[in-house]
Amino acid sequence: MQCENYFITRILIDGGSSINICPLVTLKKLGKGLYEIKDGAINMKAFNGSQISTIGEIVLCLQMGPTWFDVDFQVIDVPATYNMLLGWLWIQAAGAVASPMHQAEKFEWNHQEVIIYGDCSNPIYSRQTIPTI
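A word on the overall build of the chain. Of the regular secondary structure elements, the chain holds 3 helices and 12 strands. Looking at the chain residue by residue over its 133 residues, the buried ones come to 38%. Within the chain, contacts between residues at least 6 apart in sequence are counted, and of these 56% link residues at least 24 apart. Accessible surface for the chain amounts to roughly 8,100 Å². Of this, 53% is attributable to carbon and sulfur atoms.

Next up, the structure:
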């Protein structure tokens with residue numbers, strides 16, 4: 001996935017999550033400042049069952065395959081093993097079908113089926129001039 005001038009790897013697509021999450025460390029690597037985060041903190045339940053508050057919300061323009069999506073993210077300041085989490089709201093809005101087993105997602109764009117694989121051996125990652133997060 002691409003966001004502005006960066007390729008982003010380690011994206012978790014989770015049909016069980018009701019929100020899209022961007023860890024603060026990822027946002028900083030994208031060159032975004034805290035001033036760009038809108039107020040609107042919410043309380044959410046973390047994977048371990050604890051309650052945490054988000055910092056706020058930010059909209060990022062992401063490119064997947066041939067198309068761009070404006071995605072609303074809640075920003076959290078916790079360590080994460082992923083760079084972004086896309087939840088069921090994004091999956092539904094994109095009309096995507098996510099397959100964690102095959103590490104792929106599929107959606108229709110311009111009357112064509114688009115399949116994006118999560119394989120990091122894809123040549124776009126090894127021959128890039130754009131920084132990868």
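For strand β11 (residues 104–109) and strand β12 (residues 112–117), the ladder comprises 6 bridges, and the chain directions are antiparallel. When the bridges of β12 are listed, F107 appears paired with V114. Hairpin connection of β11 to β12: 2 residues between the antiparallel strands, including N110 at a positive phi of 55°.

Now for the packing of aromatic side chains. Evaluated as defined, the whole model comprises 1 aromatic pair. Centre to centre, the rings of F69 and W90 are 5.5 Å apart; their planes meet at 75°, and the pair counts as edge-to-face. Taken together, the positions of F69 in strand β8 (residues 67–76) and W90 in helix α2 (residues 88–94) put the pair 21 residues apart, joining distant regions of the chain. W90 carries the same exposure label as F69, and that label is buried.

As for its position among the elements, V97 is in strand β10 (residues 97–99). A relative accessible area of 52% places V97 in the exposed class. In contact with V97, not counting residues within four places along its chain, are A104, E105 and K106.

Definitions and limits used
- Residues numbered from 1 in each chain as written.
- Predicted model: local features only at pLDDT ≥ 70, side-chain atom pairs only at ≥ 80, totals over all residues.
- Heavy atoms only, no water.
- Helix = DSSP H or I, 4+ residues; strand = E, 2+ residues; numbered from the N terminus.
- Buried < 20%, exposed > 50% of the residue type's maximum accessible area, 1.4 Å probe, protein only.
- Contact = heavy atoms within 4.5 Å.
- Areas by Shrake-Rupley, 256 points an atom, 1.4 Å probe, with all protein chains shown as cover.
- Pairing = 2+ DSSP bridges.
- Phe/Tyr/Trp six-rings, centres within 6.5 Å; stacked < 30°, edge-to-face > 60°.

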